[in-house]
Amino acid sequence: MLKFKRTLSIIIILSLTLTLFGCGSSKKDSKDTSANTKTEKQTLNIGLMPSVDAVPFIIAKDKGFYEKNGVDVKLQVFKSANDRDAALQTGNLDGVSTDEVAVCLYQNAGIDLKITGVTDGDFMLVASKQSGIKSIADVKGKSVAISQKTVIEYSLDKMLEKNSIKPEEVKKVAIPAIPARLEMLKAGKVDLALLPEPFSSAAIKDGAVLLGKTSSEKLLPAVSAFTQKSIDNKSDAIKAFYKAYNEAVEYVNNTPISQYEDTVIKFVGYPEDMKGNIVLPKFRADVLPSDNDLNSAIKWTKDKGIVKKSLTPKDLTYKIK
């Protein structure tokens, strides 16, 4: 009987020891699991063009709005749409500041890029001071520097048509890089150029004549977009990105440009003589473009024969929730 009691006591002690050890292990495992499930900050790589619609992206970075909202954003500025597109196609970018025409081309090429918001830029048709052109009625037969099969050519065609001029009545000269387009205009090697701000303002400051602008024609094709892969894998980061973007829009719309102009000039690589000449639009908070705008771009790409797929606005957009 005494031997039985001693054996039972040993069993009870061992059971208590194992239970206590198990509790300690459980707490440790719980602590380790908690550490492992801590969300790491995701990185978004964004490609921009050197134009005014890049300003909110840049300010959000400079003012720490991305960091505040828990996302790491790396911005890359490209001198031409071709360079930006090459980086996107090789998987080096999650998203881009782009346009409706480009997204049609991506979809046609099997690259699933989705428009997730709008951006606000402006393209201006300007004539060189050497050309003698005084109004848009004088452009027939003249040379126009553009980037072909892009939003630049699309915008030029729409502007001409709105002024009862057929696109084939001008001589289109392909100059993809924006700075090179400006220099060709200044040198009088082309009669006209379609340029984004602030390069258009720089041309006007140098004596070029303003003939028209896309904003006046209600042409608003500029957008921001992300690959479907990034949307699937980094949806929380993209939501945070747009929260930061909207904060930057609020800041820019309500702050004198003199307080952040140096940042914009330095980041995008504008010439120093642009200082004091950058004119900004009133930026919109993140929304999707209208179906009318999208259908116009879709039809143009189809009519030009550069898109074979039958696309709809739904194919081109994704609403970040």
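Computed from a predicted model, the values in this text were never measured in an experiment. (Residues numbered from 1 in each chain as written. Predicted model: local features only at pLDDT ≥ 70, side-chain atom pairs only at ≥ 80, totals over all residues. Heavy atoms only, no water.)

## Side note on the sheet that holds strand S1 (residues 43-48)
This is how it is decided: Note: two strands are recorded as paired if DSSP finds a minimum of 2 bridges between them. The helix count covers DSSP runs of H or I at least four residues long, the strand count covers runs of E at least two residues long, and both are numbered beginning at the N terminus. Each axis is a line fitted through C-alpha atoms, taken for helices only over the stretch in contact, and angles between the N-to-C directions span 0 to 180 degrees. Working rule for contacts: check all heavy atoms of both residues, and any pair within 4.5 Å makes them a contact.
On the basis of which strands lie adjacent, the open sheet formed by 5 strands has the order S2-S1-S3-S10-S4 and mixed pairing. Sheet topology places strand S2 (72-77) and strand S4 (113-118) at the edges, where each strand pairs with a single neighbour. When the angles between neighbouring strand axes are averaged without regard to direction, this sheet yields 30°. In this sheet, strand S10 (residues 222-227) lies alongside strand S3 (residues 95-99) in antiparallel orientation, the contact comprising 5 bridges. What sits directly across from Gly95, in S10, is Phe226. Most of the contacts of helix H4 (residues 81-89) go to S3, to which it runs at about 140°, and overall it touches S3, S4 and S10.

## Things to note about the side chain of Asp157
Selection criterion: Buried residues are those whose accessible area, probed at 1.4 Å on protein chains only, stays under 20% of the maximum for their type, while exposed residues exceed 50% and partly exposed ones sit between those limits.
One can find Asp157 in helix H6 (residues 151-162). Overall, Asp157 belongs to the buried group, its relative accessible area being 3%. Non-local contacts of Asp157, meaning those with residues more than four positions away in its chain, are made with Pro167, Lys172, Trp300 and Lys304.

## Notes on a negative patch on the surface
Counted only if it meets this: Here the term patch refers to residues with relative accessible area over 30% and no salt bridge, with like charges joined within 9 Å and nonpolar side chains (Val, Leu, Ile, Met, Phe, Trp, Tyr) within 5 Å. Per-residue and other accessible areas follow the Shrake-Rupley method at a 1.4 Å probe size, with only the shown protein chains counted as cover for residues. By convention in these notes, a salt bridge is any Lys or Arg side-chain nitrogen within 4 Å of a carboxyl oxygen on Asp or Glu. Only four residue types enter the tally: Lys and Arg on the positive side, Asp and Glu on the negative side; His and the chain ends are excluded. Think of each charge as sitting on NZ of Lys, CZ of Arg, CG of Asp or CD of Glu.
There is a patch of like negative charges on the surface, built from Glu183, Asp206, Glu272 and Asp273. Within the element layout of this structure, Glu272 appears in the loop between helix H11 (261-268) and helix H12 (291-303). Glu272 gets classed as exposed once you look at its relative accessible area, which sits at 59%.

## Notes on the confidence of the model for the protein chain
Operational definition: Confidence of the predictor in every single residue is expressed as pLDDT, which spans 0 to 100.
Taken as a whole, the protein chain shows an average pLDDT of 87; of its residues, 88% reach a score of 70 or greater. Low pLDDT, under 50, characterises residues 1-38; the predicted model gives this stretch 0 contacts beyond four residues in sequence or across chains.

## A short note on the nonpolar core
What counts, and what does not: As used here, the term nonpolar core means buried Ala, Val, Leu, Ile, Met, Phe, Trp, Tyr and Cys residues forming a set that is joined through side-chain atoms within 4.5 Å.
Residues Leu44, Ile46, Tyr66, Leu195 and Phe241 are the most contacted members of the largest nonpolar core, which totals 71 residues. Considering every element that reaches this core, the biggest residue donor is helix H10 (residues 235-253), with 11 residues. Discounting residues that sit within four places of it in the chain, Tyr66 has contacts with Phe57, Ala60, Lys61, Val71, Val73, Leu75, Phe241 and Ala244. In terms of nonpolar packing, the next biggest core, distinct from the first, is built from 24 residues, Tyr154, Met159, Val170 and Leu219 among them.

## Points about the environment of Met159
The residue Met159 is located in helix H6 in this model. Placed 60 residues apart in sequence, Met159 and Leu219 show a C-alpha to C-alpha distance of 8.7 Å. When residues no more than four places from it in sequence are discounted, the contact partners of Met159 are Leu125, Ile136, Leu194, Gly212, Lys213, Thr214, Glu217 and Leu219.

## Observations regarding the packing of helix H2 (residues 55-62) against H10
Let me state the cut-off plainly: Comment on the angle field: the value is read as roughly parallel under 35 degrees, roughly antiparallel over 145, roughly perpendicular from 65 to 115, and oblique elsewhere. Polar here means any residue outside two lists: the nonpolar Ala, Val, Leu, Ile, Met, Phe, Trp, Tyr, Cys and Pro, and the charged Asp, Glu, Lys and Arg; Gly therefore counts as polar.
Closest axis-to-axis distance for the H2/H10 pair is 8 Å, and the angle between their directions is 100°. As the angle between them shows, H2 and H10 are arranged roughly perpendicular. Touching Val55, Pro56, Phe57, Ile59 and Ala60 of H2 are Phe241, Ala244, Tyr245, Ala248, Val249, Tyr251 and Val252, all from H10. When the residues that make up the contact of H2 with H10 are grouped by side-chain class, the tally is 12 nonpolar, no polar and no charged.

## What to know about helix H5 (residues 100-108)
An α-helical turn contains 3.6 residues, so a residue and the one three or four places further along point in the same direction. The criterion, for reference: By the criterion applied in these results, polar contacts are pairs of N or O atoms within 3.5 Å in which, for protein atoms, one can donate a hydrogen and the other can accept it, and in which residues neighboring in sequence qualify only through two side-chain atoms.
For H5, the buried fraction is high: 7 of the 9 residues fall into the buried class. Within H5, the full set of buried residues consists of Glu100, Val101, Ala102, Val103, Cys104, Tyr106 and Gln107. Capping the start of H5, Asp99 holds a side-chain oxygen 3.0 Å from the backbone nitrogen of Val101, two or three residues further along. Looking one or two residues beyond H5, the residue adopting positive phi is Gly110, at roughly 85°.

## Some words on H6
Applied cut-off: To estimate the expected span of a helix, count its residues, drop one, and scale the result by 1.5 Å.
Across its 12 residues, H6 extends 16 Å between first and last C-alpha, which sits within 8% of the 16 Å expected from 1.5 Å per residue. In terms of burial, H6 is a largely internal element, 9 of the 12 residues being buried. Looking only at H6, the buried set comprises Val151, Ile152, Glu153, Tyr154, Ser155, Leu156, Asp157, Met159 and Leu160.

## Side note on the environment of Val252
On the secondary structure map, Val252 appears in helix H10. Considering only alpha carbons, one finds Val252 and Pro56, 196 residues apart in sequence, at a separation of 7.1 Å. Residues within four places of Val252 in sequence aside, it is in contact with Val55, Ile59, Tyr260, Leu280 and Phe283.

## Considering the sheet that holds strand S5 (residues 123-127)
If you trace the 5 strands from one edge of the open sheet to the other, you get S7-S6-S8-S5-S9, paired in mixed fashion. Where the open sheet ends on each side, the last strands, each with one partner, are strand S7 (171-174) and strand S9 (209-213). Strand after strand, the sheet turns through a mean of 30° between neighbouring axes, direction not considered. Sheet topology note: the S5/S9 ladder contains 4 bridges and is antiparallel. In the strand pairing of S9, Met124 is matched with Lys213. In this fold H6 packs onto S5, strand S6 (143-146), S7, strand S8 (192-196) and S9, with an angle of close to 70° to the strand it touches most, S5.

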